[in-house]
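# Notes for the structure review
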Amino acid sequence: MWIWLALISSVLLGFYDVAKKRSVEGNAVLPVLTVATSISALLFFPVILSSEFDLGWFAEGNPFYVVPISLREHLLIALKAVIVAATWLFGYLAVKYLPLTIVSPIYALRPVLVLLGSILIFGERLNLYQWAGVVVAFVAFYMMNRSSHKEGIKFTKNRGILYLFMAVLLGCGSAFCDKILMRGIQPASVQAWCGLYVALLYGVLTLIIWRPKRKEDKFSWRWSIVLISLFLSIADFCYFNALAQEGALLAVISLMRRGSVIVSFTLGAIFFKERNIRSKALALCVLLVGLYLLLHGSLV
C-alpha cells in the first residue's frame, strides 16, 4: 500500500511544481508562500480542533485523526517546520529565477544526497547498484550543467542555482526529520501541526521582510496559489501515511517522490515553452537511469 501512496504523492508533486512556477513568475515570493501555506493550514484546522476539543468529527484510527502530542513532540515538529519553511523559501526563489526544466531534474538529485547522508548519519552502507546509481546521477548533473550554459546559466555564478542547492540540502534535512518523527508520532499530527507552524512563520516573515518593500516587490493574486495548497496537502498526506506504514523504506519513498520530475519537466516544456529541451531531456533520461539503479539497489 505504501508504494501506491508514494506513487500518488509523486504525480501530485509534479503538478504542484507547475502551480508553484505559475504563482511566483514575476510575483513576490513571501506572500505567495504565506497565502498558500495558510490555505493548507486552514484545511487541517478542523482536524486539530476536533482532536484538541474532543468534538468527535474524526474517530481515533481515522487517517485524519490528530492524536494529542506532548510538548517535546511539538518542539520536534516546530524544528521540522523551521527547516521546511527555509527549504520552501529557497526552493520558490529558485523556481522564480530558473526554468522549471532545470529546477525539477536537480531537485531529483535529493535522494542521492539522502543516501549519502544516511551513510554519514545512520551508518548505512550502499550496495553496488546504489553506488552505480549515485555515479550515474552525478553524470546527469554534469550534463544538466553543460545544457544550462546554452541559456547563460552558470551553476557556479547564478543566484537561482545557489537558492536551488540550499533548498535541496535543507530538503535532505527535512527527510531525516521525517524518518525520526514517524517513529513515534501519528502522520496527521505531524502534517497538521507542521503546516500550522510553517504558515505562522511565513506570516511573521512577510510582515517583517516583505511588507516594508511591497511597492517594489509587488504581489498579485493568482488561482494557481490555491492549487499549490491542494496539490501539496494531498501529496504530503499520502507521503506521511506511506512513511508511517510498517515496512516502508525512506530511501524508496524519497526516490519515488522524485519521479515527479517527469510530470513537472513535461508540463514545464509545454506550458512555459522553455528552451534546450532535447539536451535537458537527455540529461533527465540519464538521471532516471540513476534513480532506477538506486531504487533497484534499495529493494535487493
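All values reported here derive from a predicted model rather than from experimental measurement.

### Considerations on the overall build of the chain
Tallying secondary structure elements over the chain gives 12 helices and zero strands in all. N-terminal to C-terminal, the α/β element order of the chain is α-α-α-α-α-α-α-α-α-α-α-α. For a compact globule of 300 residues, the expected C-alpha radius of gyration is about 19 Å, and the chain comes in at 19 Å, within 12% of that figure. The proportion of buried residues among the 300 residues of the chain is 51%. Here the analysis covers contacts within the chain between residues at least 6 apart in sequence; of these, 86% occur between residues at least 24 apart.

### Looking at the packing of helix α4 (residues 100-107) against helix α11 (residues 260-271)
Relative orientation of the contacting elements α4 and α11 amounts to 175 degrees, with a least axis distance of 8 Å. Classified by the angle their axes make, α4 and α11 are roughly antiparallel. Contact residues: α4 offers L100, T101, S104 and P105, while α11 offers V261, S264, F265, G268 and A269. When grouped by side-chain class, the residues that make up the contact of α4 with α11 number five nonpolar, four polar and no charged.

### So, the state of the cysteines
Under the defined criterion, the tally for this structure stands at zero disulfides. Not part of a disulfide, C238 finds its nearest cysteine sulfur in C194, a span of 17 Å. Taking relative accessible area as the criterion, C238 reaches 8% and is therefore assigned buried.

### Structural notes on the side chain of S40
Looking at the element boundaries, S40 is found in helix α2 (residues 29-52). Residue S40 is classed as buried on the basis of its relative accessible area, which comes to 14%. At 3.3 Å, the side chain of S40 and the side chain of S233 are in polar contact. Not counting residues within four places of it along the chain, the set of residues in contact with S40 comprises S229 and S233.

### Remarks on a nonpolar patch on the surface
Side chains of M1, I3, W4, L7, V11 and F15 sit close together on the surface and give an oily, nonpolar patch of about 600 Å² of accessible area. The class of L7 is partly exposed, set by a relative accessible area of 38%.

### Points about empty space enclosed by the protein
With the rule as written, the count across this model stands at five cavities of 30 Å³ or more. Every residue lining the largest cavity is counted, 30 residues in all, and those nearest its centre are V84, W88, L232, D236 and R257. Elements with a minimum of two residues in the lining of the largest cavity: α1 (2-24), α2, α3 (71-97), α7 (159-181), α8 (187-210) and α9 (224-244). Of the residues that constitute the lining of the largest cavity, the class distribution is 14 nonpolar, eight polar and eight charged.

### Observations concerning the environment of D178
Take D178: it is sitting in helix α7. C-alpha of D178 to C-alpha of P46: the two residues are 132 residues apart in sequence and 23 Å apart in space. Each residue touching D178, except ones within four places of it in the same chain, is listed here: K80, Y239, F240 and L243.

### Points about the packing of aromatic side chains
Under the counting rule described, the total for this entry stands at six aromatic pairs. Note on W221 and W223: the rings are 5.4 Å apart at their centroids and 80 degrees apart in plane angle, and the pair reads as edge-to-face. Through successive ring pairs, a cluster of aromatic residues spans F90, Y97 and Y163. Across from the ring centre of Y239, 4.0 Å away, lies the NZ or CZ of R257, which sits over that ring.

### Focus on the confidence of the model for the chain
When pLDDT is averaged along the chain, the result is 85, and 93% of the positions lie at 70 or above. Confidence scores differ between elements of the chain, with helix α5 (residues 110-122) showing the lowest mean pLDDT of 70 and α3 the highest of 93.

### Thoughts on the packing of α2 against α8
Two elements in contact, α2 and α8, have axes separated by 7 Å at closest approach and are oriented at 145 degrees. Crossing handedness for the pair α2 and α8: left-handed. Per-class residue counts for the contact of α2 with α8 are 15 nonpolar, seven polar and one charged.

### Some details on α4
Summarising burial for α4: eight of the eight residues are buried, a large majority. Regarding α4, the residues found buried are L100, T101, I102, V103, S104, P105, I106 and Y107.

Calculation criteria
Residues numbered from 1 in each chain as written. Predicted model: local features only at pLDDT ≥ 70, side-chain atom pairs only at ≥ 80, totals over all residues. Heavy atoms only, no water. Helix = DSSP H or I, 4+ residues; strand = E, 2+ residues; numbered from the N terminus. Rg over C-alpha atoms; globule rule 2.2 N^0.38 Å. Buried < 20%, exposed > 50% of the residue type's maximum accessible area, 1.4 Å probe, protein only. Contact = heavy atoms within 4.5 Å. Axes fitted to C-alpha atoms, helices over the stretch in contact; angles between N-to-C directions. Parallel < 35°, antiparallel > 145°, perpendicular 65-115°, else oblique. Nonpolar A, V, L, I, M, F, W, Y, C, P; charged D, E, K, R; others polar. Disulfide = S-S within 2.5 Å. Polar contact = N/O pair within 3.5 Å; in protein donor to acceptor, adjacent residues only side chain to side chain. Patch = residues over 30% accessible without salt bridge, like charges linked within 9 Å, V, L, I, M, F, W, Y side chains within 5 Å. Areas by Shrake-Rupley, 256 points an atom, 1.4 Å probe, with all protein chains shown as cover. Salt bridge = Lys/Arg side-chain N within 4 Å of Asp/Glu carboxyl O. 1 Å grid on protein atoms, 1.4 Å probe; cavity = no way out; pocket = protein on both sides within 12 Å on 5 of 7 lines; lining within 4 Å. Points joined across faces, edges and corners; volume = space filled by probe spheres on them. Phe/Tyr/Trp six-rings, centres within 6.5 Å; stacked < 30°, edge-to-face > 60°. Lys NZ or Arg CZ within 6 Å of the ring centre and 35° of its normal. pLDDT = per-residue confidence, 0-100. Left-handed = near helix turned anticlockwise from the far one by under 90°.

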